[in-house]
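Examining the three-dimensional arrangement
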Amino acid sequence: MSEQHTADAALRETVRSRYAAAAVQVTEGGTACCGPAAIEVDDSFGRALYAAAERDELPAEAVAASLGCGNPTAVADLHEGERVLDLGSGGGIDVLLSARRVGPAGKAYGLDMTEEMLALALANQKKAGATNVEFLKGTIEAIPLPAATIDVVISNCVVNLSTDKPAVFAETFRVLVPGGRIGISDVVADDTLTPGRRAERGDHVGCIAGALSFTEYRTGLEAAGFTGIEITPTHAVADGMHSAIVRAVKPAGQVAASTATATAGSADACCG
């Protein structure tokens, strides 16, 4: 096993442990405070980024577990009957909101690798009475769904946690139907910031050190086959680091899955 593979595995376990602990804290009646070496929940992250009306219609535990850097359901332009997949679904806030938007004819999937977050999400689904929801255990680098089965992929501050982002983009492209689209909230760095300078602003589990730059994000999506790429910063989360809305489309004429190989790995329901 290479040193890089070992380092990546250790980093993924750190992420998993961090968000497992957050889920347990919420389950025991607290909120998902990030603690040392992670993001601080302020107006740049978490529940404050959702409208009060949205928060009020969901189980309190789903709102308490929110650690995202945006509100992807507000920008994904969801329609009745669509199938939605949330990468790194955490306590389920974005899945439950999506389920309301797509209605009984649609379906909302949540994907997470953390047992504790999945248990919390299932409990929140039951409290919300959502019947068009399904939570899946797995990693965003190897999505456990068939090709061309999803209309919209969303995610809330999770892609930055992955140690294999090309695999995430390739898998996202694979599961989307031709003409399908993404609406992702994520942390993105100015092009002038090197990886080292990003790490100076925050660690990986805190959604900072692992962030791509604007150019890197666009290049990664293009390599996977996406078109119509838009990356729009919304607010600053650190010096030269931004929460951003990422939109892109799988071309309608694209019928084959991406040839990129999704490697085994895992990213957790960071911040979302």
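Quick summary incoming for the structure in this document.

Calculation notes
Residues numbered from 1 in each chain as written. Predicted model: local features only at pLDDT ≥ 70, side-chain atom pairs only at ≥ 80, totals over all residues. Heavy atoms only, no water. Helix = DSSP H or I, 4+ residues; strand = E, 2+ residues; numbered from the N terminus. Buried < 20%, exposed > 50% of the residue type's maximum accessible area, 1.4 Å probe, protein only. Salt bridge = Lys/Arg side-chain N within 4 Å of Asp/Glu carboxyl O.

Some thoughts on unusual backbone geometry
Although it is not a glycine, D77 sits at a positive phi angle of roughly 55 degrees. Relative to the helices and strands, D77 resides in the loop between α3 (60-64) and β1 (83-87). The phi angle at A148 is positive, at roughly 55 degrees, despite the residue not being glycine. A148 gets classed as partly exposed once you look at its relative accessible area, which sits at 34%.

Digging into the pattern of salt bridges
Under the defined criterion, the tally for this structure stands at 9 salt bridges. E115 is paired through a salt bridge with K137; the nearest N and O atoms lie 2.6 Å apart. Pair noted here: E115 is in helix α5 (residues 115-128) and K137 is in strand β3 (residues 133-137), with a separation of 22 residues, a long-range link. When its relative accessible area of 46% is taken as the criterion, E115 is described as partly exposed. Residue R201 is joined to E200 by a salt bridge in which the shortest nitrogen-to-oxygen separation is 4.0 Å. With relative accessibility at 64%, the residue E200 sits in the exposed group. Taken together, the shared-partner salt bridges in this structure form one network comprising E200, R201 and D239.

Note that all results are geometric; they support no functional claim without further evidence.
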